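Chain by chain, the residues run as shown.
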Amino acid sequence: MTAIYNRTRMVLAPHILYLRGGALYMDAAVVSRDFIVPREDKFGTYKLDGLKGLAITEREFRISPLFLPESEK
């Protein structure tokens, strides 16, 4: 998916969507920031209402080793 987060254009690989404190959050791997691929794997938590211009892409991705599905959300 593509989105703008804190004025930065990003391509994200979403792994999980969840509710915390009444707000929706998404954990995702960063594929690119402003068209630059990170040198190392990056994984972050994003509040959904902070992501602007969301668009789903056809891009495939593998589940990141940084994703810990058993961790408490």
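Residues numbered from 1 in each chain as written. Predicted model: local features only at pLDDT ≥ 70, side-chain atom pairs only at ≥ 80, totals over all residues. Heavy atoms only, no water.

1. Some points on the environment of Arg20
1) Next: Tracing the backbone shows Arg20 in strand E2 (residues 8-20).
2) Next: In the structure, Arg20 is positioned 27 residues away from Lys47 in sequence and 9.5 Å away in space, judged by C-alpha atoms.
3) Next: Not counting the four nearest positions on each side in its chain, Arg20 is found in contact with Tyr25, Thr45 and Lys73.
4) Next: At 3.2 Å, the side chain of Arg20 forms a polar contact with the side chain of Tyr18. (Helix = DSSP H or I, 4+ residues; strand = E, 2+ residues; numbered from the N terminus. Contact = heavy atoms within 4.5 Å. Polar contact = N/O pair within 3.5 Å; in protein donor to acceptor, adjacent residues only side chain to side chain.)

2. Focus on the pairing of E2
1) Next: Pairing of strand E1 (residues 2-5) with E2 involves four bridges; the strand directions are antiparallel. From the neighbouring strand, Ile4 faces E2, where its bridge partner is Arg9.
2) Next: If you look at the hairpin formed by E1 and E2, you'll find two residues sitting between the two strands, and Asn6 has a positive phi there, around 50°.
3) Next: Between the antiparallel neighbours E2 and strand E3 (residues 23-33) lie two residues, among them Gly21 with a positive phi of about 60°. (Pairing = 2+ DSSP bridges.)

3. Remarks on the sheet that holds strand E5 (residues 51-55)
Pairing between sheet strands relies on hydrogen bonds along the backbone, with the strands arranged either parallel or antiparallel.
1) Next: Ordered in space as E4-E3-E2-E1-E5, the five strands form an open sheet in which the pairing is antiparallel. Where the open sheet ends on each side, the last strands, each with one partner, are strand E4 (43-47) and E5. Taking the axes of each pair of neighbouring strands and ignoring which way they run, one obtains an average angle of 45° across the sheet. (Axes fitted to C-alpha atoms, helices over the stretch in contact; angles between N-to-C directions.)

4. A closer look at unusual backbone geometry
1) Next: Phi at Arg7 is positive, roughly 65°, even though this residue is not glycine.
2) Next: Here Arg7 is to be found in the loop between E1 and E2.
3) Next: Residue Arg7 is classed as exposed on the basis of its relative accessible area, which comes to 82%.
4) Next: Unusually for a residue other than glycine, Phe35 sits at a positive phi of about 70°.
5) Next: One can find Phe35 in the loop between E3 and E4. (Buried < 20%, exposed > 50% of the residue type's maximum accessible area, 1.4 Å probe, protein only.)

5. Structural notes on the pairing of E4
Side chains on a regular strand alternate between the two faces of the sheet.
1) Next: Covered by surrounding structure in E4 are Gly44 and Tyr46 only, the residues Phe43, Thr45 and Lys47 on the alternate face being uncovered.
2) Next: Bridge count for E3 against E4 is five bridges, and the pairing is antiparallel. Across the sheet, Ala28 pairs through a bridge with Gly44, a residue of E4.

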